[in-house]
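Structural features, examined
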Amino acid sequence: MNLREDRNLVAVAHLSQLVNFVTGCGGFIIPLILWLTQRDKVLGMDYQGKQILNFQISTFILALLCVPAILFFGLGIIGFIVLGVLIFIFPIINAIKTINGEHTYYPLTYQFIK
């Protein structure tokens, strides 16, 4: 199969995660749609899409774990702040790395989709 190189579309997939700050769930849905429709057409979309979705699932689970941590230790608030920073910063960093053709990385990510 002949894949086209479209780094801008892959960067848009990374940046679309920021929609979470506006809608709450669009940051998962938009990359999911892009990954499902473009993974066989765009070079790197399969790998990057999996990376994005794994990051979204992992951060959602970590956010759920912060809720009881607030009740018991008060540390959940710090967890929410750290997650908020990671969820905001890393999509931007990885979009820039994608455009430059560099390797991308999301911290605190478990590989649910392989």
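Further up the page is the structure itself.
Owing to the predicted nature of the structure, the values given are computational and were not obtained by experimental measurement.

Given 3.6 residues per turn, any residue in an α-helix points the same way as the ones three and four places further on. The terminal C-alpha atoms of helix α5 (residues 75–99) lie 36 Å apart, and with 25 residues this matches the ideal 36 Å at 1.5 Å per residue to within 8%. Every buried residue belonging to α5 is among Gly76, Gly79, Leu83, Leu86, Ile87, Phe90, Pro91, Asn94, Ala95 and Thr98, and all of these are buried. Looking one or two places after α5, you find Gly101, whose phi comes out positive at around 80°.

What follows is about helix α1 (residues 7–15). Taken as a whole, α1 has its buried residues at Leu9, Val10, Ala11, Ala13 and His14. The inward-facing, buried residues of α1 contact α3 (26–38), α4 (45–72) and α5.

Our focus in this paragraph is the packing of aromatic side chains. Any aromatic ring pair is given by two values, namely how distant the centres are and how the planes are angled relative to each other. Under the defined criterion, the tally for this structure stands at three aromatic pairs. For the ring pair Phe21 and Phe88, a centre distance of 5.7 Å and an interplane angle of 75° mean the geometry is edge-to-face. Here Phe88 lies in helix α5 and Phe21 lies in helix α2 (residues 20–23), a separation of 67 residues in the sequence. Note that Arg39 overlies the ring of Trp35, its terminal NZ or CZ placed 4.7 Å from the centroid.

Below, the discussion takes up the side chain of Ser58. Inspection of the secondary structure assignment puts Ser58 in helix α4. Taking the relative accessible area as the measure of exposure, Ser58 reaches 5% and is therefore buried. Separated by 2.8 Å, the side chain of Ser58 and the backbone oxygen of Asn54 make a polar contact. Setting aside residues up to four positions removed in sequence, Ser58 forms contacts with Leu108, Thr109, Tyr110 and Phe112.

Parameters and conventions
- Residues numbered from 1 in each chain as written.
- Predicted model: local features only at pLDDT ≥ 70, side-chain atom pairs only at ≥ 80, totals over all residues.
- Heavy atoms only, no water.
- Helix = DSSP H or I, 4+ residues; strand = E, 2+ residues; numbered from the N terminus.
- Expected span 1.5 Å × (residues − 1).
- Buried < 20%, exposed > 50% of the residue type's maximum accessible area, 1.4 Å probe, protein only.
- Contact = heavy atoms within 4.5 Å.
- Phe/Tyr/Trp six-rings, centres within 6.5 Å; stacked < 30°, edge-to-face > 60°.
- Lys NZ or Arg CZ within 6 Å of the ring centre and 35° of its normal.
- Polar contact = N/O pair within 3.5 Å; in protein donor to acceptor, adjacent residues only side chain to side chain.

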